[in-house]
Amino acid sequence: MNSQIRNVYCVGRNYRLHAEELGNAVPDEPMIFMKPSHAVVLMEDQELTLPGGRGEIHYEAELVVRIGADHTPGINVDEVIDAYAFGIDFTLRDVQSVIKQKGHPWTAAKGFKNSAPISKFEPVQSIQSLTDFEFTLNKNGEEVQRGNIRDMIFTIQNIADYLSEHYGLGPGDIIFTGTPAGVGPVEPGDRLELTWADEAKGSVIVRY
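Residues numbered from 1 in each chain as written. Predicted model: local features only at pLDDT ≥ 70, side-chain atom pairs only at ≥ 80, totals over all residues. Heavy atoms only, no water.

1. Some words on the layout of surface pockets
- Counted as a void, the second largest pocket has a volume near 150 Å³.
- Every residue along the wall of the second largest pocket is listed here: Val 77, Ile 127, Gln 128, Thr 131, Ile 149, Arg 150, Met 152, Thr 155, Ile 156 and Gln 157. (1 Å grid on protein atoms, 1.4 Å probe; cavity = no way out; pocket = protein on both sides within 12 Å on 5 of 7 lines; lining within 4 Å. Points joined across faces, edges and corners; volume = space filled by probe spheres on them.)

Structure, rendered in structure tokens:
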């Protein structure tokens, strides 16, 4: 799967309540960071090894969209997004806190191997259809996050226009669109499952 992925764009602080829960200012334009393609792994209810011993690791559940055609600002995203999935943006939170204070890039906290597990991509007819149901993250059978992309600060259209203008956006690129409130730590043995419309989409079991 990694060989089919070109760029992994991620949007930070794209849900107001999530920004507030971490004490961050709400951005006035999309906050973009990236992960290497090696961070991406398919969620198949397998054990997933994460870098323990570096402080707390937090889960952040997100809608992920895949770009299937070249995009330029103003093109309707329905014309270029060919599939959707759900994923987890794992974050070394203690590491992130330190590098934020130093003004360093987030790569060390966000880009480690296995930090972007995703469900299987499925065809999508329109972005509007993805607002029909809420997505959830369950930890050990208990719901810990619930969100709907209609609550995002920046729409997927906004994000696509911004990315294509500043960085380029085309086939093979995927976008983690941001996480709702409710992020928290994981421990070895935790089972994380993503659902949409109460249908299981993918799961992993955390190991250090």
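From this point, the discussion proceeds with the structure in view.
2. A closer look at the environment of Arg 191
- Here Arg 191 shows up in strand E15 (residues 191-196).
- Taking the C-alpha atoms as reference, Arg 191 lies 30 Å from Gln 128; in sequence the two are 63 residues apart.
- The residues contacting Arg 191, other than those within four sequence positions of it, are Asp 45, Asn 138, Lys 139, Asn 140, Ser 203, Val 204 and Ile 205.
- Separated by 3.0 Å, the side chains of Arg 191 and Asp 45 make a polar contact. (Helix = DSSP H or I, 4+ residues; strand = E, 2+ residues; numbered from the N terminus. Contact = heavy atoms within 4.5 Å. Polar contact = N/O pair within 3.5 Å; in protein donor to acceptor, adjacent residues only side chain to side chain.)

3. A few points about the sheet that holds strand E16 (residues 199-207)
- Here we have five strands laid out as an open sheet, ordered E4-E16-E15-E11-E12, and mixed in their pairing. Each edge of the open sheet is held by one strand with a lone partner, namely strand E4 (46-49) and strand E12 (142-147). Neighbouring strand axes in the sheet, compared pairwise and without regard to direction, differ in orientation by 25° on average. (Pairing = 2+ DSSP bridges. Axes fitted to C-alpha atoms, helices over the stretch in contact; angles between N-to-C directions.)

4. Description of the sheet that holds strand E14 (residues 184-185)
- The sheet built from three strands is open, its strands ordered E8-E5-E14 with antiparallel pairing. The sheet is open, and its two edges are formed by strand E8 (91-92) and E14, each paired on a single side.
- Sheet topology note: the strand E5 (residues 57-59)/E8 ladder contains two bridges and is antiparallel. Paired with His 58 across the strands is Thr 91, a residue of E8.

5. Regarding helix H2 (residues 93-102)
- Of the positions making up H2, those classed as buried are Arg 93, Val 95, Gln 96 and Ile 99. Considered in projection along H2, the buried side chains sweep an arc of 150° and stay on one side of the axis. In H2, the exposed residues that point more than 90 degrees away from the buried face are Gln 101 and Lys 102.
- Those residues of H2 that are buried are in contact with E5, E8 and helix H3 (107-110).
- Where H2 terminates, the next one or two residues include Gly 103, which has phi positive at roughly 75°. (Buried < 20%, exposed > 50% of the residue type's maximum accessible area, 1.4 Å probe, protein only. Arc of directions from axis to C-beta.)

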